[in-house]
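The primary structure of each chain is shown beneath.
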Amino acid sequence: MTAAGRGIDRRGLVRAGAGVAGAAVVAPAVAACGGEEVSAPSGSPGDVLVATGEVPVGGGVILDDQGVVVTQPTAGEFKAFSSTCTHRSCQVTRVEEGSIVCLCHNSLFSVADGSVQEGPADEPLPAVAVDVAGDDVVLA
Ligand code: FES
């Protein structure tokens with residue numbers, strides 16, 4: 001979907017992007033158990049990110065302090081990704097219609113796997129390992 005399709009003009013996108021451009025969080029990369037790299041947010045394994053009930057099915061919640069987007073692509077399935085856009089490191093801005101949106105230059109990423117749905121970004125959002133503990137999504 002294009003910016004015009006969401007009723008946002010390009011000038012509005014640029015203004016919105018300027019507001020978040022300085023808020024980038026640099027997260028170190030660590031090796032996951034599967035050998036792939038994931039972006040480690042601030043925090044430790046077991047730290048609560050968000051209550052499961054606060055994450056909409058098919059959508060997600062952006063946690064600015066932790067630098068993470070927690071999503072629930074299907075009921076009971078929770079994923080998390082770095083909230084730092086892979087294009088030019090803006091913080092993603094919102095989650096809507098199955099996409100994680102970066103308004104700096106209007107890249108869209110899938111809530112299911114962080115893959116790019118629409119550029120200019122050409123790299124997926126790095127996955128962050130999470131578990132569900134009771135009623136909470138926690139860092140793995
Ligand atoms: S920094 Fe996200 S689209 Fe450019």
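Residues numbered from 1 in each chain as written. Predicted model: local features only at pLDDT ≥ 70, side-chain atom pairs only at ≥ 80, totals over all residues. Heavy atoms only, no water.

**Q** Can you help me understand the overall build of the protein in this one?
**A** Scanning the protein from N- to C-terminus turns up one helix and 12 strands. Going from N to C terminus, the protein has its helices and strands arranged as α-β-β-β-β-β-β-β-β-β-β-β-β. Looking at the protein residue by residue over its 140 residues, the buried ones come to 38%. In the protein, the share of contacts with a sequence separation of at least 24, taken over all contacts with a separation of at least 6, comes to 44%. Accessible surface for the protein amounts to roughly 7,000 Å². Of this, 51% is attributable to carbon and sulfur atoms. (Helix = DSSP H or I, 4+ residues; strand = E, 2+ residues; numbered from the N terminus. Buried < 20%, exposed > 50% of the residue type's maximum accessible area, 1.4 Å probe, protein only. Contact = heavy atoms within 4.5 Å. Areas by Shrake-Rupley, 256 points an atom, 1.4 Å probe, with all protein chains shown as cover.)

**Q** Explanation requested: the confidence of the model for the protein in the structure shown.
**A** Do not read the predicted coordinates in detail wherever pLDDT is low. Confidence in the prediction for the protein averages 79 pLDDT; 71% of positions are at 70 or higher. In this model, residues 1–37 is a region of pLDDT below 50 whose contacts with residues beyond four sequence positions or in other chains number 44 contacts. (pLDDT = per-residue confidence, 0-100.)

**Q** How should the pattern of salt bridges be read in this particular structure?
**A** When the charged atoms of two side chains lie near each other, side chains of opposite charge can form a pair. In this structure the tally under the stated criterion is two salt bridges. For Glu77, the salt bridge identified is with Lys79, shortest N-O distance 3.5 Å. A residue is classified by how much of its surface remains accessible, and Glu77, at 29% relative accessible area, is partly exposed. For Lys79, a relative accessible area of 28% gives the class partly exposed. (Salt bridge = Lys/Arg side-chain N within 4 Å of Asp/Glu carboxyl O.)

**Q** I tried to follow the environment of Gly114 on my own but got confused; where do I start?
**A** With respect to the helices and strands, Gly114 occurs in the loop between β9 (107–110) and β10 (116–118). The contacts of Gly114, once residues within four sequence positions are left out, are Phe81, Phe109, Pro124 and Leu125.

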